[in-house]
Amino acid sequence: MSLWEVALDGTRLHPLLPGWSDPPAEFSGNWTPDGKYFVFQSERVANERTLWAIREKSGFLGTRSQSQCS
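Per chain, residue numbering runs from 1 following the sequence as it is written. Thresholds applied to this predicted model are a pLDDT of at least 70 for local features of residues and 80 or more for the giving and counting of side-chain atom pairs; totals over whole chains, interfaces and linings are not thresholded and use all residues. The side-chain quantities take in all heavy atoms of the structure and omit both hydrogens and water.

Caption draft 1: View of the overall build of the protein. To qualify as a helix, a DSSP run of H or I must reach at least 4 residues; to qualify as a strand, a run of E must reach at least 2; elements of each kind are numbered from the N terminus. On a plain count of helices and strands, the protein comes out with zero helices and six strands. Mapped in sequence order, the helices and strands of the protein form the string β-β-β-β-β-β. When the 70 residues of the protein are sorted by exposure, 21% land in the buried category. Here the accessible surface of atoms and residues is derived via Shrake-Rupley with a 1.4 Å probe, and residues count as covered only by protein chains that are part of the display. When the accessible surface of the protein is split by element, carbon and sulfur atoms take 56% of a total near 5,200 Å². Note on classification: 1.4 Å probe, protein chains only; a residue is buried when its accessible area is under 20% of the maximum for its type, exposed when over 50%, partly exposed between these limits.

Caption draft 2: Representation of the sheet that holds strand 5 (residues 48-55). Pairing between strands is defined by DSSP: at least two bridges between the two strands are required. Read from one edge to the other, the open sheet built from three strands follows the order 3-4-5, with strand pairing classed as antiparallel. Whereas interior strands pair on both sides, the edge strands pair on one side only; in this sheet they are strand 3 (26-31) and strand 5. On average, adjacent strands in this sheet sit at an angle of 25 degrees to one another, irrespective of strand direction. As paired elements, strand 3 and strand 4 (residues 37-45) share four bridges and run antiparallel to each other. Bridge pairing in strand 4 links F27 to Q41. Here an axis means a line fitted to C-alpha atoms, over the contact stretch when the element is a helix, while the angle between two N-to-C directions is reported on a 0 to 180 degree scale.

Caption draft 3: Here's a closer look at the side chain of S42. Tracing the chain through its elements places S42 in strand 4. Pairs of N or O atoms are called polar contacts if they sit within 3.5 Å, as long as, within protein, a hydrogen donor faces a hydrogen acceptor (for residues adjacent in sequence, only side-chain-to-side-chain pairs). Side chain to side chain, S42 and E26 meet in a polar contact 3.0 Å long. Any two residues whose heavy atoms approach within 4.5 Å at even a single point are treated as in contact. For S42, the contacting residues outside a window of four places in its chain are W20, A25, E26, F27, E48, R49, T50 and W52.

Caption draft 4: Quick peek at the confidence of the model for the protein. Summary of the metric used: pLDDT quantifies the predictor's per-residue confidence within the range 0 to 100. Confidence in the prediction for the protein averages 78 pLDDT; 81% of positions are at 70 or higher. Model confidence for the protein, summarised as mean pLDDT per element, is weakest for strand 6 (residues 67-69) at 47 and strongest for strand 2 (residues 14-15) at 89. Taken together, the stretch residues 66-70 has pLDDT below 50 and engages in 18 contacts with residues farther than four places along the chain or on a different chain.

Here you go:
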């Protein structure tokens, strides 16, 4: 399993964390209510699940980027 990111208009589909774990084992992600962090689980070591968070990127002048994770 792996996480992918895509622009709101459906373009620029790409892996969110390419090469982060091999094989990929990231899953069960959700945005925090304020939309600032994407929190997900990873099993980088067999039978050991950990929680991780990625802060939403900001664009030019602090505007939010137009990307989604799934």
